[in-house]
Amino acid sequence: MESRLRVHGHPIQPMLVTFPFGLFVSAAVFDLADVAGGPAFLGEVGYWTAVAALVAAGLATVAGLVDLWDVRIGRANRTAITFNLVNAVMAAMFLLTCLIRAHAPQRGATGGQLATELVALAVGAVGVGLGARLMQQSDRGRAAEPTGLETIPGATVEIVRPRPF
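What counts and what doesn't
- Residues numbered from 1 in each chain as written.
- Predicted model: local features only at pLDDT ≥ 70, side-chain atom pairs only at ≥ 80, totals over all residues.
- Heavy atoms only, no water.
- Helix = DSSP H or I, 4+ residues; strand = E, 2+ residues; numbered from the N terminus.
- Expected span 1.5 Å × (residues − 1).
- Buried < 20%, exposed > 50% of the residue type's maximum accessible area, 1.4 Å probe, protein only.
- Salt bridge = Lys/Arg side-chain N within 4 Å of Asp/Glu carboxyl O.
- pLDDT = per-residue confidence, 0-100.
- Contact = heavy atoms within 4.5 Å.
- Phe/Tyr/Trp six-rings, centres within 6.5 Å; stacked < 30°, edge-to-face > 60°.
- Polar contact = N/O pair within 3.5 Å; in protein donor to acceptor, adjacent residues only side chain to side chain.
- Axes fitted to C-alpha atoms, helices over the stretch in contact; angles between N-to-C directions.
- Parallel < 35°, antiparallel > 145°, perpendicular 65-115°, else oblique.
- Left-handed = near helix turned anticlockwise from the far one by under 90°.
- Nonpolar A, V, L, I, M, F, W, Y, C, P; charged D, E, K, R; others polar.

**Student:** Can you walk me through helix H1 (residues 12-35) in this structure?
**Tutor:** Helical periodicity: at 3.6 residues per turn, an α-helix aligns residues three or four positions apart in one direction. Helix length check: H1 (24 residues) gives 36 Å between terminal C-alpha atoms against 34 Å at 1.5 Å per residue, within 8%. The complete set of buried residues in H1 reads Gln13, Val17, Pro20, Phe24, Ala27, Ala28, Asp31 and Asp34.

**Student:** Before we go on, may I ask you to explain the pattern of salt bridges in this structure?
**Tutor:** Once the charged atoms of two side chains with opposite charge are near each other, the side chains can pair. Per the stated rule, a full pass over the model turns up three salt bridges. Here arginine 101 ties to aspartate 31 by a salt bridge, and the two come within 2.7 Å at their closest N and O atoms. One end of the pair, arginine 101, is in helix H3 (residues 75-101); the other, aspartate 31, is in helix H1, with 70 residues separating them in the sequence. Both residues of the pair, arginine 101 and aspartate 31, count as buried.

**Student:** Just checking my understanding: could you explain the confidence of the model for the chain for this structure?
**Tutor:** Atom-level detail of predicted coordinates should not be read off regions where pLDDT is low. Averaged over every residue, the pLDDT of the chain is 80; residues scoring 70 or more account for 78%. Here residues 144-160 scores under 50 on pLDDT; set against residues more than four positions off or in separate chains, the count is zero contacts.

**Student:** Teacher, can you tell me more about the packing of aromatic side chains here?
**Tutor:** The description of two aromatic rings rests on the distance between their centres and on the angle between their planes. Counted according to the given criterion, the structure contains two aromatic pairs. Both rings, one in phenylalanine 24 and one in phenylalanine 94, keep their centres 4.1 Å apart while their planes meet at 20 degrees; by these two values the pair is stacked. Taken as a pair, phenylalanine 24 in helix H1 and phenylalanine 94 in helix H3 lie far apart in primary sequence, 70 residues in all. Assigned by exposure class, phenylalanine 24 and phenylalanine 94 land together as buried.

**Student:** Please explain the side chain of asparagine 84 as it appears in this structure.
**Tutor:** Mapped onto the elements of the fold, asparagine 84 is located in helix H3. Taking the relative accessible area as the measure of exposure, asparagine 84 reaches 17% and is therefore buried. Not counting residues within four places of it along the chain, the set of residues in contact with asparagine 84 comprises Gln13, Gly64 and Leu68.

**Student:** When you look at unusual backbone geometry in this model, what are you seeing that I'm missing?
**Tutor:** With a phi angle near 60 degrees, arginine 107 is a residue other than glycine that sits in the positive phi range. Residue position: arginine 107 is located in the loop between H3 and helix H4 (111-144).

**Student:** Which parts of the structure should I look at to understand the side chain of arginine 101?
**Tutor:** For arginine 101, a relative accessible area of 1% puts it in the buried group. Reaching out from arginine 101, the side chain makes a polar contact with the side chain of aspartate 31 at a distance of 2.7 Å. Beyond its immediate chain neighbours, meaning those up to four positions away, arginine 101 contacts Asp31, Gly43, Gly46, Tyr47, Arg107, Gly108, Ala109, Gln113 and Glu117.

**Student:** Quick question: what am I supposed to make of the packing of helix H2 (residues 41-68) against H3 here?
**Tutor:** To characterise two packed helices, one gives the angle between the axes of the helices and the distance between these axes. H3 packs onto H2 with a crossing angle of 155 degrees between their chain directions and a minimal axis gap of 10 Å. Taken together, the axis directions place H2 and H3 in an arrangement best described as roughly antiparallel. Judged by the twist between their axes, the crossing of H2 over H3 is left-handed. Residues Gly43, Gly46, Tyr47, Ala50, Val51, Leu54, Ala57, Gly64 and Leu68 of H2 lie in contact with H3, whose contacting residues are Asn77, Ala80, Ile81, Asn84, Ala91, Phe94, Leu95, Cys98 and Arg101. When its residues are assigned to classes, the contact of H2 with H3 shows twelve nonpolar, five polar and one charged.

**Student:** Where do I start with the environment of glutamine 13 in this structure?
**Tutor:** Within the secondary structure layout, glutamine 13 lies in helix H1. Classification of glutamine 13 as buried rests on a relative accessible area of 4%. It is 5.8 Å that separates the C-alpha atoms of glutamine 13 and glycine 64, two residues lying 51 residues apart in sequence. Sequence-distant contacts of glutamine 13, that is, excluding residues within four places in its chain, are made with Ala60, Ala63, Gly64, Asp67, Phe83 and Asn84.

Shown next, in the form of structure tokens:
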């Protein structure tokens, strides 16, 4: 899968996807500590971490939709669509728990909300596997294409001392 959105030749979306997933994991850990009897502020931290993850997921989704626009019909297309749908389901489950917690005075998680978050993380783990498969398919397709660098012998970057005046 060739990406339109790139930084120094690397696609942006795989980089962006790591932020919401990591933040969702962190939110679940804070909520687990809160439900297990930790200080009440841990629930508040878990809530705001999940909100930050939802913002990051929105950015990753936009990048994913831009990339999806150019994917050819076939195996990579199906994998990319499934990858984006799985990530959307994970984000929707966290959004549901955030909306329920938004009106609570301390915004702490309940056992049921924590269970929903853990199921969402399991769904997200499937998304991680799909993302890895998508990158492998992309790398296989890219390896077959000549880049023009094959004809350059030796190093492509040199460090040269400046000449004295």
